[in-house]
Amino acid sequence: MIRLTGVAKTYRTRQGDPVEALGETSLTVAENEFVTLVGPSGCGKSTLLKLVAGLVPVTRGEIHVRDKLVREPFPDVGFVFQQPVLLPWRSVLDNVLFSVEMLGLDPRPYRKPAGDLLELTGLAGFEAKYPHELSGGMQQRVAICRALLPDPGLLLMDEPFGALDAMTREEMSLELLRIWEERRKTILFVTHSIPEAILLADRVVVMSPRPGRIVRVISVDLPRPRTMDMEFDTRFKTRSDEVRSLIFSGRKERA
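### Focus: helix H1 (residues 45-53)
The buried fraction of H1 amounts to seven of the nine residues, a majority that puts the element mostly inside the structure. When we look at burial in H1, the residues that qualify are Lys 45, Thr 47, Leu 48, Leu 49, Leu 51, Val 52 and Ala 53. Gly 54 lies just past H1 and shows a positive phi near 80°.

### Notes on the packing of helix H2 (residues 92-102) against helix H4 (residues 136-148)
The interhelical angle for the contact between H2 and H4, taken along N-to-C directions, is 35°, at an axis separation of 7 Å. Judged by the twist between their axes, the crossing of H2 over H4 is right-handed. Contacts from Val 92, Asn 95, Val 96 and Ser 99 of H2 reach H4 at Val 142, Cys 145 and Arg 146. Grouping the amino acids of the contact of H2 with H4 by side-chain chemistry returns four nonpolar, two polar and one charged.

### Here's the deal with the sheet that holds strand S6 (residues 77-80)
The six strands lie next to each other as S6-S7-S8-S3-S9-S10, forming an open sheet whose pairing is mixed. Unpaired on one side and paired on the other, S6 and strand S10 (214-219) mark the two borders of the sheet. Within the sheet, the average angular offset between the axes of one strand and its neighbour, ignoring direction, is 15°. Across five bridges, the pairing between strand S9 (residues 203-207) and S10 is antiparallel.

### Some points on the pattern of salt bridges
Tallied over the entire structure, the rule returns 21 salt bridges. One network of salt bridges, with partners in common, ties together Arg 216, Asp 221, Arg 239 and Glu 242.

### Some words on the packing of aromatic side chains
Inspection of the entire model under this criterion finds four aromatic pairs. Measuring from ring centre to ring centre gives 5.7 Å for Phe 34 and Trp 180, while their planes differ by 70°; the resulting arrangement is edge-to-face. Residue Phe 34 is found in strand S3 (residues 34-38), and its partner Trp 180 is found in helix H5 (residues 166-183); the two are separated by 146 residues along the sequence. By the burial criterion, Phe 34 is buried, and Trp 180 matches it. Relative to Phe 189, the ring of Phe 161 lies with its centre 5.8 Å away and its plane at 55°, an arrangement referred to as tilted. Taken together, the residues Phe 161 in the loop between strand S7 (154-158) and H5 and Phe 189 in strand S8 (residues 186-190) connect sequence positions 28 residues apart. Just as Phe 161 is buried, Phe 189 falls in that class too. Ring pairing ties together the aromatic residues Phe 34, Phe 161, Trp 180 and Phe 189, which thus form one cluster. Taking NZ or CZ as reference, Lys 9 lies 5.1 Å from the ring centre of Tyr 11, over its face. In this arrangement the basic side chain of Arg 184 is found over the ring face of Trp 180, its NZ or CZ atom lying 4.0 Å from the centre.

### Section: the environment of Thr 47
Mapped onto the secondary structure, Thr 47 falls in helix H1. On the basis of relative accessible area, Thr 47 is assigned to the buried category, the value being 10%. The spatial distance from the C-alpha of Thr 47 to the C-alpha of Val 85 is 19 Å, given a sequence separation of 38 residues. Beyond its immediate sequence surroundings of up to four residues, Thr 47 is in contact with Lys 9, Tyr 11 and Ala 21.

### Things to note about the layout of surface pockets
Space inside the largest pocket adds up to approximately 540 Å³. Lining the largest pocket are 17 residues, and of these Val 77, Gly 78, Phe 79, Ser 99 and Met 102 lie nearest its centre. Counting only elements with at least two residues in the lining of the largest pocket, the list comes to S6, H2 and H4. If you add up the space inside the second largest pocket, you get close to 210 Å³. Forming the walls of the second largest pocket are Val 65, Arg 66, Lys 68, Leu 69, Val 70, Arg 71, Glu 72, Pro 73, Phe 74 and Asp 76. Of the residues belonging to the lining of the second largest pocket, the class tally is five nonpolar, no polar and five charged.

### Re unusual backbone geometry
Backbone torsion omega between Arg 210 and Pro 211 reads 0°, so that peptide bond is classified as cis. Following the sequence through the fold, Pro 211 ends up in the loop between S9 and S10. For the peptide bond that leads from Arg 224 to Pro 225, omega is 0°, which places it in the cis range. Along the chain, Pro 225 falls in the loop between S10 and helix H7 (234-254). Positive phi outside glycine occurs at Val 85, with the angle close to 50°. One can find Val 85 in the loop between S6 and H2.

The rules behind the values
- Residues numbered from 1 in each chain as written.
- Predicted model: local features only at pLDDT ≥ 70, side-chain atom pairs only at ≥ 80, totals over all residues.
- Heavy atoms only, no water.
- Buried < 20%, exposed > 50% of the residue type's maximum accessible area, 1.4 Å probe, protein only.
- Helix = DSSP H or I, 4+ residues; strand = E, 2+ residues; numbered from the N terminus.
- Axes fitted to C-alpha atoms, helices over the stretch in contact; angles between N-to-C directions.
- Left-handed = near helix turned anticlockwise from the far one by under 90°.
- Contact = heavy atoms within 4.5 Å.
- Nonpolar A, V, L, I, M, F, W, Y, C, P; charged D, E, K, R; others polar.
- Pairing = 2+ DSSP bridges.
- Salt bridge = Lys/Arg side-chain N within 4 Å of Asp/Glu carboxyl O.
- Phe/Tyr/Trp six-rings, centres within 6.5 Å; stacked < 30°, edge-to-face > 60°.
- Lys NZ or Arg CZ within 6 Å of the ring centre and 35° of its normal.
- 1 Å grid on protein atoms, 1.4 Å probe; cavity = no way out; pocket = protein on both sides within 12 Å on 5 of 7 lines; lining within 4 Å.
- Points joined across faces, edges and corners; volume = space filled by probe spheres on them.

Next up, the structure:
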């Protein structure tokens, strides 16, 4: 589904100085695979997502999605940000429909699928509400529905639960797993939470401090469907300790 080959990204400051955000990175992600990216702040996780989405150009290397070279944004991708970024003057339903409008599609045939998504995420009955009338978790569910409505093959999620409280975050993680089990998208998910990364993923990609490089890709051998109780599984603890050790050893090396 996704193939990164020798991808690197260097930005320029206002003064013209180069800042290497992402070092040479190669990675493949299979169809319908759930892959999480974890690493210290500033290691290039979000940059990697933007490169895959075609939102920013690579400095070196190539990215292919379904064997097509990524040069610009493309329609078969949904992007969920850390903040819901809902339009305050639009209702919940109209916010969800906004994704197909942005693709130049007639929103009328999508009203029923949008309603089905809202029901799937526990938001049935809130179609006419406005963002300020919803909790943070409910707003993020709307954002996920918006990303899913065009039925993209690829879903990119940049710390979508990072601003939520711990209990809501756990609830949203389980909700996302349930949606993924039903709809089976390829998901690339950025998080700072090691337990969240392991709970969600088929594989966890551990990145080094900036300029970010892949330190190791760890397979998660936990059965699905998953629950929060799996955090007490010895395999969960083993993977968690492994990821934590890789991240903190990288920080010590930089120090």
